[in-house]
Amino acid sequence: MQIFLDTAVFEEIEEAVSLGLIDGVTTNPSLIAQAGKSLEQEIPRICELVKGPVSAEVLATEYEAMVLEAQKLAALHEHVIVKVPLTEAGLRTVVKLRPQGVRFNVTLCFSVSQALLAAKAGATYISPFVGRWDDIDRPGLDMVADLVTVYQNYGFDTQILVASVRSPLHVSQAAILGADVVTLPLKVLKQMIKHPLTDLGLARFLEDARRAEQA
Ligand code: E4P
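Structure report, in brief. All of these numbers come straight from a predicted model, not from anything done at the bench.

Rules of the game
Residues numbered from 1 in each chain as written. Predicted model: local features only at pLDDT ≥ 70, side-chain atom pairs only at ≥ 80, totals over all residues. Heavy atoms only, no water. Salt bridge = Lys/Arg side-chain N within 4 Å of Asp/Glu carboxyl O. Helix = DSSP H or I, 4+ residues; strand = E, 2+ residues; numbered from the N terminus. Axes fitted to C-alpha atoms, helices over the stretch in contact; angles between N-to-C directions. Parallel < 35°, antiparallel > 145°, perpendicular 65-115°, else oblique. Left-handed = near helix turned anticlockwise from the far one by under 90°. Contact = heavy atoms within 4.5 Å. Nonpolar A, V, L, I, M, F, W, Y, C, P; charged D, E, K, R; others polar. Phe/Tyr/Trp six-rings, centres within 6.5 Å; stacked < 30°, edge-to-face > 60°. Buried < 20%, exposed > 50% of the residue type's maximum accessible area, 1.4 Å probe, protein only. Lys NZ or Arg CZ within 6 Å of the ring centre and 35° of its normal.

### A look at the pattern of salt bridges
Moving on, step 1. All told, the structure shown has nine salt bridges when counted by the stated rule.
Moving on, step 2. A salt bridge links E15 to K190; its shortest N-O distance comes to 2.5 Å. Taken together, the residues span a long stretch of sequence, with E15 in helix α1 (residues 10-19) and K190 in helix α10 (residues 186-193) at a distance of 175 residues.
Moving on, step 3. R210 serves as the salt-bridge partner of E207, at 2.6 Å between the closest nitrogen and oxygen. With E207 and R210 both in helix α11 (residues 196-214) and three residues apart, this pair spans about one turn of that helix.
Moving on, step 4. Each of E207, D208, R210 and R211 takes part in salt bridges that share partners, so that together they form one network.

Here's what the structure looks like:
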């Protein structure tokens, strides 16, 4: 399973890349706004650092404007994956530009039928938002399980990129279900590393070694 970092904060990306465990990055307009930078400034340098797929999201909502914006974003760097919302304009944009080699992450997916259309349009990635489903009292990972089944049923090569990840449990469950990618905040990546029994076991080993040296 690939792991993408879900942030536009350059320092966080540097830290995660230095771990050697990150395959790509996703951004969205909220994350770009939080980072206080423009997309045009940040995306090329993030692409250079990550050396993998970097999602950059359009702001246009109308088809013609979205096509133009998608072309501009794709031209920023060869690693750019253009992120479009799962709307009629978004799907049309994928259908129009996919044959020209533009790669898309279709985002804000909340149903299997939406995901089916994104795959038929030719999306490279589909982003089901598990945390936001959980927020409205529905298990977000149920949607991922259904997506895995449906994409396998028909042999779609669109990759399932689990988004809106809030915890290590989301990650491990997505992996058990066979999702292709998860995108997560740096905080969740760090939570995945930690386990209290690892800390306890390590402390005991070191204490035993110290005692043996003193004996
Ligand atoms: C990434 O592609 C999504 O935009 C992001 O994971 C959404 O996360 P949130 O629901 O925590 O804002």
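### Some thoughts on the packing of helix α4 (residues 63-76) against helix α5 (residues 88-97)
Moving on, step 1. Viewed as axis vectors pointing N to C, α4 and α5 meet at an angle of 50 degrees, and their least axial separation amounts to 9 Å. In terms of orientation, α4 lies oblique with respect to α5. Crossing geometry of α4 relative to α5 is assigned as right-handed. Contacts between α4 and α5 pair Y63, M66, V67, A70 and Q71 from the former with A89, G90, R92, T93, K96 and L97 from the latter.
Moving on, step 2. Residues of the contact of α4 with α5, tallied by class, amount to six nonpolar, three polar and two charged.

### Some words on the packing of aromatic side chains
Moving on, step 1. Applying the stated criterion across every chain yields a total of four aromatic pairs.
Moving on, step 2. Judged by centre distance (6.3 Å) and plane angle (50 degrees), the rings of Y154 and F156 are tilted.
Moving on, step 3. Taking relative accessible area as the criterion, Y154 reaches 60% and is therefore assigned exposed.
Moving on, step 4. Taken together, the aromatic side chains of Y151, Y154 and F156 make up a single cluster linked through ring pairs.
Moving on, step 5. Taking the ring centre of W133 as reference, the NZ or CZ of R138 above it sits at 4.0 Å.

Interpretation note: all reported values are geometric properties and have no functional meaning in isolation.
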